[in-house]
Structure formats: C-alpha cells, structure tokens
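A look at the structure
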Amino acid sequence: MQKIILTFIAALLFLVSVAQSGFKSEDFRISGAASKIGESCFQLVPDEQWVSGSIWHKQALDFNLPFEMELKIMMGCNDRWGADGIVLAFVPYMARTGYTGEGMGFRGLPHSLGIEIDTYYNTHLDDLESDHIAIMANGYLHHASSLAGPVAIPNIEDCRFHLLKIIWSPSSKQIEVYIDGKMKLSYKGDVVKDIFMGDSKIYWGITAATGRYTNKHEFCLEKIENKVVTVSEKDFDIVTKRNLTQGQIVSLKGVEFNSGSSSFSDNSTEELDKLYRFLKDNPKHSISVSGHTDSSGNPSTNKAISEQRAKAVADYLKKRGIEADRIKYGGYGGKYPTASNQTEAGRKQNRRVDIYVYVPQA
Ligand SMILES: [Ca+2]
Ligand SMILES: [Ca+2]
C-alpha cells in the first residue's frame, strides 16, 4: 500500500546530495599573481619573489550542512629553499588575497578559518622546521593562536601533486584534514558562531605567496560535496535513517494513537523530538505527514481522525519552532493499511503517521 503513496509523491524531487562535477574556470575568481592552467586547475604563484595570488570559488558552501572537498596540490620542486606555502581559506565574504611572504596570502583576512600548508620555517611564528600544516583563524599566522597543529608532514615540495581532503560535520562541529589519505589534523568548535560571526554561507579559496624564497604553487579542484541530509548519531535506528536519507516513507514507530482518537501518547514525543531535530539539522528539507487509521469504524470519521492525527504531529513540530511552510499534512483514513486489520497488533500498526522528507524544488 505504501507503493500507492510512493507513486503519489514520486513527482517530488528528493536530493540526497548535491555533488558538483565538471567544474568550469568561470566558477572561480582569479586574483593577484594566480592564473588558469586548466578548467579546474590553477597556478597560485609562479616561481618568483614577493608575489601572492588566490583563487576563490564563486559558489558559497553552506556550513549548516556537511561537506567534503578534495584538491590536488603541488607545492613546487625546491625543498631546500622553497617558500612560502598555501592556505585553504574559508570566509563569510567573497575574498581577496592577503599579504605576501610568510602571510601566504592569508594574513589580513578577518573572520577566516584557514588550513595552512607551510613550507618555510619562520622562527618568530613558532613554525616547525619541517614542512607542516595547521588550522588557523582570523588571518593570524603565529602558532600560539593555531586552532590545531602545527604538525609536521614529510617534504611536500617534491614536484608532485598531493591529495588534500577536508571533511566538515555540522552536527559534531568538527573539521578534519587529510593529506594523501591520512588524517593529519582535526578541530572541533562552533566555527559559524565563533569565527564566521554567525554567517553559515561561506566562500572558500586558496591563497599562496612567495617572499625572498620562492616555489611555484598549483592546485586542481577534484570534488566538492555539500550534502543536504544529516541524521544525528543518536537519532533514529539504522533503517529509519537510511529511509530518511533515501527519500522513503517512514512510519514514526514510537508515535501511537488510541483507537478513535487523534491525541498521541506521552511517550510519542520522544520520536517526534527526533523528527524535530532532523528538521532543524536539515533546514532545506520539508516534510509531508500522512495520517492513517485502522479499518474499524465509519470511513468518513476515520478520514477525519487520520487528518487530525497528521495535524497533531504537524502542530507539535510547529510548536517546537519548525516553520509552517515546511510541513504539509493530510489524512487517508483506513485506505492504506500496512498490516492486517484482523488482529489488534495489526490494527495498532495501521493507526499511524507516515512521514516523507523532501527538498522542495526552487
Ligand atoms: Ca620542504
Ligand atoms: Ca612559514
């Protein structure tokens, strides 16, 4: 019977993730000494003294949603005298390039989160002697104010591309940094509130600079995925979680109604609170709530009761603060049972609310 409802809602588009591929150079803003070397590949700085350059992606990331990005980076061929490094920067404004030299184009960018890959040893910044990475904030480069690191990495100025991968999770508020498949650093903190001044729409770019010493720095963007579904670890069982993220109908198991009544039992609120948290964590999603009854009683009364059941759920969510325009509800009476109406257990299962989660089309 769920099949019928599935067909009914099949027209609604459900996006599990928005994956970007086939990047175009127009998607990026090139500034300073940077130049294009492919559709998603750029030289940030040439092997020259005292230059800085940056590449900014024009589409903002939403820090309220999880994301994963992968870049190939090339830090040049001069290990001994190579300088200065790059910073993958996140800022709540379309940015510019910061200062040259040890600033790596990052110094001077306020309200910023930066992942630095530093190849030059500046003693007064408490740099490590070897190539190193760190998570920095607000355009400051002294490691006394690092959010994480510095940690040493093997020489990265080896004329090769290396894979830099970043994973952000808004539910755990954790950012993880991987180089060539190994996690090197992580930082946990409310970056939206503490660094981006409450703004979750964040632009990202890569800045680089040289100083007295030089190296060419290049990168290619491989992947960005700003996922639109997030289900907290503690909320919902594994099947419900999978169904929610795959756009399937979910029967709210813990939400129970008495026969002939639209009021749910007190222990139903636990399940409804999970749904509330899901909607709060996934602000782009809307839900459709359908109410159902068992087959006992008058069909037209049942239809009214089922609609009241769906409304009771919608009202509860609205009362908790979910916007009214994100919730649709309706009732189907006993028309779509999921179990036999011959037994009390079956009838209890049929008295239910089903929810369907979707992303409204713009
Ligand atoms: Ca080196
Ligand atoms: Ca340095």
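Notes on the structure in this doc start here. (Residues numbered from 1 in each chain as written. Chains lettered and ligands numbered in written order. Predicted model: local features only at pLDDT ≥ 70, side-chain atom pairs only at ≥ 80, totals over all residues.)

Some remarks on the overall build of the chain
- Helix and strand content of the chain: 6 helices and 20 strands.
- The buried share among the 362 residues of the chain stands at 42%.
- Once local pairs closer than 6 in sequence are excluded, the contacts in the chain between residues at least 24 apart make up 68%. (Helix = DSSP H or I, 4+ residues; strand = E, 2+ residues; numbered from the N terminus. Buried ≥ 20, exposed ≤ 12 C-beta atoms within 10 Å, placed from the backbone. Contact = placed C-beta atoms within 7 Å.)

A look at unusual backbone geometry
- Omega for the bond connecting Ala83 with Asp84 falls within 30 degrees of zero, at 0°, which places this linkage in the cis form.
- Mapped onto the elements of the fold, Asp84 is located in the loop between strand 7 (67-74) and strand 8 (85-91).
- Going from Gly149 to Pro150, the amide bond is cis rather than trans, its omega being 5°.
- With respect to the helices and strands, the residue Pro150 is situated in strand 11 (residues 148-152).
- The backbone phi angle of Asp126 is positive, close to 60°, even though this residue is not glycine.
- Turning to its location among the elements, Asp126 is positioned in the loop between strand 9 (113-118) and strand 10 (132-137).
- Residue class for Asp126 comes out partly exposed when judged on the 14 C-beta atoms lying within 10 Å of it.
- Residues other than glycine seldom take positive phi values, yet Asp180 does so here, at roughly 45°.

Looking at the pairing of strand 15 (residues 201-209)
- Most of strand 15 sits out of view: 7 of its 9 residues are buried.
- In the sheet, strand 5 (residues 52-57) pairs with strand 15 via 5 bridges, with the strands oriented antiparallel. If you follow Ser52 over to strand 15, its bridge partner there is Ala209.
- By the bridge criterion, 2 bridges tie strand 6 (residues 61-62) to strand 15 in an arrangement that is antiparallel. Pairing of Asp62 across the sheet is with Lys201, part of strand 15.
- Note: strand 8 against strand 15, 7 bridges, orientation antiparallel. In the sheet register, Phe90 faces strand 15, and the bridge partner there is Trp204. (Pairing = 2+ DSSP bridges.)

Describing the sheet that holds strand 17 (residues 250-251)
- In space, the 4 strands of this open sheet follow the order 17-20-18-19, with mixed pairing throughout. Looking at the sheet topology across the chains shown, the edges are occupied by strand 17 and strand 19 (327-331).
- The pairing of strand 18 (residues 286-292) with strand 19 spans 5 bridges and is classified as parallel. Of the residues in strand 19, the one forming a bridge with Ile287 is Ile327.
- Seen against the sheet, helix 5 (residues 299-320) touches strand 18, strand 19 and strand 20 (352-358) and runs at an angle of roughly 160° to strand 19. (Axes fitted to C-alpha atoms, helices over the stretch in contact; angles between N-to-C directions.)

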